[in-house]
Amino acid sequence: MKDIIPAVELLPSLCVSATEDRVCVVTQFTARLLHQGWRRLLEELAKRTCDSFCLLTSKTIPELEASFKRVNYDMSDMKSTKMTTRQALKNVLTDRQVLAMLILGLASGLPYVAVGGTLNAWLTTEGVKPVAIGLLSWALLAYAFKFMWAAALQSRKTPFELKIGPRRFWMFVFLALVTLGLLTLSFSDPPNNLGMIGLVSVLIAVFSASFDIVLAAWRIEVARDDRHLDILSTVERFGYRIASLMGGFVALIAADHIGWKFTFLSGTILMALTVVGV
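Rules used throughout
Residues numbered from 1 in each chain as written. Predicted model: local features only at pLDDT ≥ 70, side-chain atom pairs only at ≥ 80, totals over all residues. Heavy atoms only, no water. Helix = DSSP H or I, 4+ residues; strand = E, 2+ residues; numbered from the N terminus. Buried < 20%, exposed > 50% of the residue type's maximum accessible area, 1.4 Å probe, protein only. Polar contact = N/O pair within 3.5 Å; in protein donor to acceptor, adjacent residues only side chain to side chain. Contact = heavy atoms within 4.5 Å. Phe/Tyr/Trp six-rings, centres within 6.5 Å; stacked < 30°, edge-to-face > 60°. Lys NZ or Arg CZ within 6 Å of the ring centre and 35° of its normal. Axes fitted to C-alpha atoms, helices over the stretch in contact; angles between N-to-C directions. Parallel < 35°, antiparallel > 145°, perpendicular 65-115°, else oblique. Nonpolar A, V, L, I, M, F, W, Y, C, P; charged D, E, K, R; others polar.

Chemist: Whenever I open this one, the side chain of Thr263 confuses me. Can you help?
Modeler: Tracing the backbone through its elements, the reader meets Thr263 in helix α15 (residues 260-273). The exposure class assigned to Thr263 is buried, which follows from its relative accessible area of 8%. A polar atom in the side chain of Thr263 sits 2.7 Å from the backbone oxygen of Gly259. If we skip the residues at most four places from it in the chain, Thr263 touches Ala251, Ala254, Ala255 and Ile258.

Here's what the structure looks like:
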């Protein structure tokens, strides 16, 4: 009721001249009140306000009531257009772009969790000091400052005049570089060579952040419409969360059985397989 009172006070000024735009405003206001069950308030307004509003409401109320009954304002038509879980899964399995985005979302999340989580757990079990682990975690700052070189990756020309397109080319390059970096970490020997481990971690973060830039541009360009873009964005985040899950408790369980080197090597192989999404 409180949000209606200010609008009610404006009705006399709206009804001073029966122009088309003002009639439209009053009609919309009448529809809003009628939809909220304020028919009695409308009748009271018809008695107290100007004649033009009386004439307008007397004509629009029956028409609007008939329209509400015909359309059935329970929003059943809109609910029928919502995508069900089965339809969403069908889109993932049948739409090549959606399936590719799921795989690329996995490729986007694996390096982040590997450098920011799995590597830290490995270093902790090897007795590396928390101060050193904290310094190595600074490698993740590359994700925060990736806007600094994002413009350099917006060129629409494919290097070497290849026919795969610039987005797919750079995604392939960055995936290969990240995979090579993870492979290097797989054969590292902490707590020795922490400097080399830190350098490789920074490079992985930079290449992974660059991959995210190109992936975001590719997602926008291939989307057929706004709804398709929403689906691609959601599926990408789903793949990213799966990567976080695998780099978290799955990696910890695997490390307890096969060791950290083989765990990192398994993650490297999984990262290399995500190239099929390109």
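Chemist: Can you help me understand the packing of aromatic side chains in this one?
Modeler: Aromatic rings in a pair are described by how distant their centres are and how their planes are angled relative to each other. Considering all chains together, one arrives at 6 aromatic pairs under this definition. Ring geometry for Trp122 versus Phe264: centroids 5.4 Å apart, planes at 40°, classification tilted. With a gap of 142 residues between them, Trp122 in helix α8 (residues 96-125) and Phe264 in helix α15 connect regions that are remote in the sequence. Each member of the pair, Trp122 as well as Phe264, is classed as buried. For the pair Phe174 and Phe207, a centre-to-centre distance of 6.5 Å together with 25° between the ring planes defines the contact as stacked. A residue pair is termed long-range when its members are at least 10 positions apart, and Phe174 in helix α12 (residues 166-186) and Phe207 in helix α13 (residues 194-222) qualify at 33 residues. An aromatic cluster is present here, built from Phe169, Trp170, Phe174 and Phe207 joined pairwise through their rings. Across the ring face of Tyr240, the terminal group of Arg237 is positioned such that the distance to the ring centre comes to 4.5 Å.

Chemist: Would you mind going over the packing of α8 against α15 with me for this structure?
Modeler: Any two packed helices are characterised by the angle at which their axes cross and by the distance between the axes. Interhelical geometry of α8 versus α15 gives an angle of 175° and a closest axis separation of 11 Å. One finds that α8 runs roughly antiparallel with respect to α15. Of α15, the residues touching α8 (which contributes Leu106, Ala107, Leu110, Pro111, Ala114, Thr118, Leu119, Ala121, Trp122 and Thr125) are Trp260, Lys261, Phe264, Leu270 and Met271. Residue classes in the contact of α8 with α15 are distributed as 12 nonpolar, 2 polar and 1 charged.

All we've got here are geometric facts, nothing functional implied.
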